[in-house]
Amino acid sequence: MTNLLCIDPGRHSAWLVGTYEDIDLPEIYTLQCNHKSHAEVYYAFFEHGLRIAKNIEHIVYEEPYVRSHKAARMQYGMIGIINLIAAHTPTCKAVWAIHPSWIKKQATGKGNATKDEMIATAQSYFKGLPNLQEQVSSSHSADAFWIYRYFIENETLRDFENEE
């Protein structure tokens, strides 16, 4: 059973731990980081990731899609931190990046879905499970959930898993 860590990186991030086989319901964690300096944000992101990444075999994250220089710098720094988390996780075999439009298409059928549409489709997926509906009430946690669904349903990635 492959353990996955799916991340919507950012100053406010969501982290989902699930399995490739989709047997168990995923666990969703969030990090609200209000530090002023990038270094403090990176350190908090790294520490949070290390706590969650135990026994993780694959890490999957949303690629940066940002419009401002400051946000781009933060996002690209977090990719480095994600790779550092993978390097500190002995069980980690691969790190994957998924473009935001692919995640949106997985969730809604269109590559330019809004944050509200992403949240609504994640909540409808967990209809009847109020605890999980509440966990996907932010755009970050909804994105982490759809990253997870994209990864476990993508046949190319399944082929890679079968070849390991």
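Below you will find a few notes about this structure. (Residues numbered from 1 in each chain as written. Predicted model: local features only at pLDDT ≥ 70, side-chain atom pairs only at ≥ 80, totals over all residues. Heavy atoms only, no water.)

A few words on the pairing of strand β2 (residues 12–19). Counting buried positions along β2 yields seven of eight residues, so the element is predominantly enclosed. Where strand β1 (residues 3–8) folds back onto β2 in an antiparallel hairpin, the turn is made up of three residues. Bridge count for β2 against strand β3 (residues 27–32) is six bridges, and the pairing is antiparallel. From the neighbouring strand, S13 faces β3, where its bridge partner is L31. (Buried < 20%, exposed > 50% of the residue type's maximum accessible area, 1.4 Å probe, protein only. Helix = DSSP H or I, 4+ residues; strand = E, 2+ residues; numbered from the N terminus. Pairing = 2+ DSSP bridges.)

Residue placement: F45 occurs in helix α1 (residues 38–52). On the basis of relative accessibility, which here comes to 0%, the residue F45 falls in the buried class. For the pair formed by F45 and M78, sequence separation is 33 residues and the distance between their alpha carbons is 7.8 Å.

As for its placement among the helices and strands, S141 is situated in helix α6 (residues 139–153). Beyond its immediate chain neighbours, meaning those up to four positions away, S141 contacts A14, I28, Q135 and V136. (Contact = heavy atoms within 4.5 Å.)

All right, on to the sheet that holds β3 then. Here we have five strands laid out as an open sheet, ordered β3-β2-β1-β4-β5, and mixed in their pairing. If you trace the sheet from one side to the other, it starts and ends with β3 and β5 (94–98), each paired once. The average undirected angle you get between the axes of adjacent strands in this sheet is 20°. Across the sheet, helix α2 (residues 69–87) touches β1, β2, β4 (58–62) and β5, and the angle it forms with β4 is around 170°. (Axes fitted to C-alpha atoms, helices over the stretch in contact; angles between N-to-C directions.)

A few words now on the packing of aromatic side chains. The relative placement of two aromatic rings is captured by the distance of their centres and the angle of their planes. A complete count under the given rule lists five aromatic pairs for this structure. Relative to Y150, the ring of W102 lies with its centre 6.1 Å away and its plane at 25°, an arrangement referred to as stacked. Here Y150 lies in helix α6 and W102 lies in helix α3 (residues 100–108), a separation of 48 residues in the sequence. Relative to W146, the ring of F145 has its centre 4.9 Å away and its plane inclined at 70°; by these criteria the two rings are edge-to-face. Each member of the pair, F145 as well as W146, is classed as buried. These aromatic residues form a ring-pair network of at least three members: F145, W146 and Y148. (Phe/Tyr/Trp six-rings, centres within 6.5 Å; stacked < 30°, edge-to-face > 60°.)

Moving on: the environment of N55. Mapping N55 onto the fold places it in the loop between α1 and β4. Using a relative accessible area of 52% as the deciding quantity, one classes N55 as exposed. Note: C-alpha distance between N55 and L5 (50 residues apart in sequence) is 9.8 Å. Beyond its immediate stretch of four places on either side in the chain, N55 contacts N3 and T91.

Here we take up the pattern of salt bridges. Counted under the stated rule, the structure contains three salt bridges. Between E57 and K93 there is a salt bridge, and its shortest N-O distance comes to 3.4 Å. Of this pair, E57 sits in the loop between α1 and β4 while K93 is found in the loop between α2 and β5, placing the two residues 36 residues apart along the sequence. Salt-bridge contacts for R149 lead to E153; the nearest nitrogen and oxygen are separated by 2.4 Å. In this pair, R149 and E153 are both assigned in helix α6, four residues apart and thus about one turn of the helix distant. Here R149 falls in the buried class, since its relative accessible area comes to 8%. (Salt bridge = Lys/Arg side-chain N within 4 Å of Asp/Glu carboxyl O.)

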